[in-house]
Amino acid sequence: MKVSDIDFRQMLKFSPETGRLLLGSDRMLLFRQEAFATLRRLMIDQLGERLARGLLAQFGYRCGLGDFKALDAQYQWDTERDRRAAGSVMHMWEGIALVEGGKSEIDPETGTFHLSGIWKNSYEAEIHLSEFGVGDLPVCHTLTGYASGWCTALVGEPIIAIETMCMGKGDPHCAYEIKKPAVWGPEADPWKAALAITDTSLSQELERKLAEVERYRATTTALGTPIIQVWEGVFVLPVIGVVDARRGEEMTSTLVRHVADEDVSCVIVDLTGIDSVDTRTADLFVKMARAVRLLGARCILTGIKPALAQTLIHMGVGLEGLETFRNLRQGLEGSLRSLGYSVTRNRAGTVSSDADED
């Protein structure tokens, strides 16, 4: 078989009645490029550049290794050159990139193996540019992984492909170079590292990432629920910004735990920083106040704006026992009076005296 005989229009078997697409006996899959772009973004955003690069490179490596073995088992190549060049042709038929070969220095007797060439219209560079814009480093991780996998299967020993130019970092096209690991200098280290990630190291890295995410989540939760003690037994929870379902649950849970664990007599939930509300948000604060009262503490809502007041009325829920004040100062004065303090004002603001003696 000549490399020019590769023709997916003849080689692929579409079998919609079984839900399969076959190349010989191997199942193939078709995906939209846009869908893979979403997957790539999620991997980079959630796992970080290093882990995502390793996963993409190893995915490409397995594709190259598998394509070589599938074709080599099904077809008898006319020449070794056809056998070697089939990988580039497969890349083009699979819609990965247009491959233009360059240098080819291969000598089995001396162990020389050196290939280079150009990739045009790389799908991976396209989606990286659309999702992240121009970067500082090469981005065609699946392409280099594929070339490494194909050539490793071809030679029967490890081969490393690197990207020397990349559209993803502003170059006019992508370019590759392929050699044996021992021949490469430090310039190939990132590609070697990507292919060297094992299940164990990947698991450890994921555990570390998850721990970082959990620490970040705990920090943002604490910042999003700043419970401040303003008087003995009196705490204020200022609510600022948008309160979605997750944040609302975290705020309520944090506040309830605080009331249960600390000596809390009164909680003031200040809503001055909320500009827009809906029935779900309004219901959240009503339930929050009830939860605090069930634990034996008072809960006062302050800073209620007209929109929230109207929403509470239209909700039709029972508002009995819900204490509200116009602003935080009035709420603080009300809570202090309920604790037995006499509160007076002067030009400097609120002044509290000792607790009243009855």
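Rules behind the numbers
- Along every chain, residues carry numbers that run from 1 in the direction the sequence is written.
- Totals for whole chains, interfaces and linings use all residues, but because this is a predicted model, local features are given only for residues with pLDDT of at least 70 and pairs of side-chain atoms are given and counted only at 80 or more.
- Computation of side-chain values: all heavy atoms of the structure, hydrogens and water removed.
- Secondary structure elements follow DSSP: runs of H or I no shorter than four residues count as helices, runs of E no shorter than two count as strands, and numbering proceeds from the N terminus.
- Each residue gets one of three labels from its accessible area relative to the maximum for its type: buried under 20%, exposed over 50%, partly exposed in between, using a 1.4 Å probe on protein chains only.
- Whether two residues are in contact is decided by their heavy atoms, any of which lying within 4.5 Å being enough.
- The salt bridge criterion pairs a side-chain nitrogen of Lys or Arg with a carboxyl oxygen of Asp or Glu, the two atoms within 4 Å.
- The aromatic pairing rule takes the rings of Phe, Tyr and Trp, using the six-membered ring of Trp, and pairs them if the centres are within 6.5 Å, calling planes under 30 degrees apart stacked, those over 60 edge-to-face and the rest tilted.
- Whether a charge lies above a ring is judged from NZ of Lys or CZ of Arg, which has to be within 6 Å of the ring centre and within 35 degrees of the ring normal.
- Any pair of N or O atoms that falls within 3.5 Å is considered a polar contact. Within protein, one atom must be able to donate a hydrogen and the other to accept it, and sequence-neighbouring residues count only if both atoms are side-chain atoms.
- Any two strands with at least two DSSP bridges between them are considered paired.
- Interaxial angle, 0 to 180 degrees, is taken between N-to-C directions of lines fitted to C-alpha atoms, where a helix line uses only the stretch in contact.
- To count toward a patch, a residue needs a relative accessible area above 30% and no salt bridge. Like charges then connect within 9 Å, nonpolar side chains (Val, Leu, Ile, Met, Phe, Trp, Tyr) within 5 Å.
- Computed with the Shrake-Rupley method and a 1.4 Å probe, the accessible areas treat only the protein chains shown as cover for residues.
- Positive charges come from Lys and Arg, negative ones from Asp and Glu, while His and the chain ends are left out of the count.
- Where a charge lies is defined by one atom per residue type, namely NZ (Lys), CZ (Arg), CG (Asp) and CD (Glu).
- Nine residue types can take part in a nonpolar core, namely buried Ala, Val, Leu, Ile, Met, Phe, Trp, Tyr and Cys, and a core is a set of them joined through side-chain atoms within 4.5 Å.
- Convention used here: angles under 35 degrees read as roughly parallel, angles over 145 as roughly antiparallel, angles from 65 to 115 as roughly perpendicular, and any remaining angle as oblique.
- Take the far helix as the reference: if the near one is turned anticlockwise from it by less than a right angle, the crossing is left-handed, and if turned clockwise, right-handed.

(A) Inspection of the environment of Cys63 at higher detail. For Cys63, the position within the fold is in helix H3 (residues 49-74). On the basis of relative accessibility, which here comes to 29%, the residue Cys63 falls in the partly exposed class. Between the C-alpha atoms of Cys63 and Leu143, which are 80 residues apart in sequence, the distance is 9.6 Å.

(B) The environment of Val89, seen in detail. By secondary structure assignment, the location of Val89 is in helix H4 (residues 80-93). On the basis of relative accessible area, Val89 is assigned to the buried category, the value being 15%. Considering only alpha carbons, one finds Val89 and Ser4, 85 residues apart in sequence, at a separation of 8.3 Å. Excluding residues that lie within four positions of it along the chain, Val89 makes contacts with Val3 and Ile6.

(C) Spotlight on the pattern of salt bridges. The full count for this structure, using the stated rule, is 15 salt bridges. Of the charged contacts in the structure, one is a salt bridge between Lys180 and Glu157, with a shortest N-O distance of 3.2 Å. Of this pair, Lys180 sits in the loop between strand E7 (174-179) and helix H7 (189-196) while Glu157 sits in the loop between helix H6 (141-155) and strand E6 (160-165), and the two are 23 residues apart along the sequence. For Lys180, a relative accessible area of 15% translates into the label buried. Connected through shared salt-bridge partners, Arg41, Asp45 and Glu131 make up one network.

(D) Just the environment of Gly111, in detail. Here Gly111 is to be found in the loop between strand E4 (98-107) and strand E5 (112-120). Between the C-alpha atom of Gly111 and that of Lys180, which follows or precedes it by 69 residues, the distance is 9.0 Å.

(E) Looking closely at the packing of aromatic side chains. Tallied over the entire structure, the rule returns six aromatic pairs. On the numbers, 6.4 Å between centres and 10° between planes, the contact of Tyr146 with Trp150 is stacked. With Tyr146 and Trp150 both in helix H6 and four residues apart, the pair spans about one turn of that helix. Classification of Tyr146 by relative accessible area gives buried; the value is 4%. Trp150 gets classed as buried once you look at its relative accessible area, which sits at 3%. Cluster of aromatic residues (ring-pair linked, three or more members): Phe36, Phe59 and Tyr123. Sitting over the face of the ring of Trp191, Arg53 holds its NZ or CZ atom 4.7 Å from the ring centroid.

(F) Main features of the side chain of Ser122. Along the chain, Ser122 falls in the loop between E5 and helix H5 (123-132). Looking at Ser122, its side chain comes within polar contact range of the main-chain nitrogen of Glu124, at 3.2 Å. Among the polar contacts listed, one links the side chain of Ser122 to the backbone nitrogen of Ala125, at a separation of 3.1 Å. Contact partners of Ser122, with chain neighbours within four places excluded, come to Ile96, Ala97, Cys140, Leu143 and Cys174.

(G) Examining the sheet that holds strand E9 (residues 234-240) more closely. Read across the open sheet, the five strands follow the order E8-E9-E10-E11-E12; overall the sheet is mixed. Edge positions in the open sheet fall to strand E8 (228-231) and strand E12 (323-325), since each of these has one partner strand only. Looking at each pair of strands side by side, their axes are set apart by 30° on average, direction ignored. Pairing geometry for E9 and strand E10 (residues 266-273), over six bridges, is parallel. When the sheet's bridge partners are listed, Pro238 is paired in E10 with Asp270.

(H) Fine view of a negative patch on the surface. On the surface, a cluster of negative charge is made up of Glu232, Asp261, Glu262 and Asp263. Mapped onto the fold, Glu232 is located in the loop between E8 and E9.

(I) Structural detail: the pairing of strand E2 (residues 20-23). As paired strands, strand E1 (residues 12-15) and E2 are joined by four bridges and run antiparallel to one another. Each residue of the ladder has a partner; that of Lys13, found in E2, is Leu22. Linkage of E1 to E2, two consecutive antiparallel strands, is achieved through a turn of four residues, within which Gly19 is found at a positive phi near 70°. As defined by bridge partners, E2 adjoins strand E3 (residues 26-28) across three bridges and the pair is classed as antiparallel.

(J) Region of the structure containing the nonpolar core. Formed by 47 residues in total, the largest nonpolar core has its most connected members in Ile6, Leu71, Met90, Trp119, Trp150 and Ile178. Here this core takes seven residues from H6, the largest share from any one element. Beyond its immediate stretch of four places on either side in the chain, Met90 contacts Ile6, Phe8, Leu23, Asp67, Leu71, Tyr146 and Trp150. Judged by nonpolar contacts, the second largest core, of 25 residues, contains Leu237, Ile274, Leu284 and Leu312.

(K) Representation of the packing of H4 against H6 within the structure. Between H4 and H6, the least distance of the axes is 11 Å, while the angle of their chain directions is 160°. The angle between H4 and H6 places the two elements in the roughly antiparallel class. The crossing of H4 and H6 is right-handed. Of the residues in H6, those in contact with Glu80, Arg83, Arg84, Ala86, Gly87, Met90 and His91 of H4 are Leu143, Tyr146, Trp150 and Leu154.

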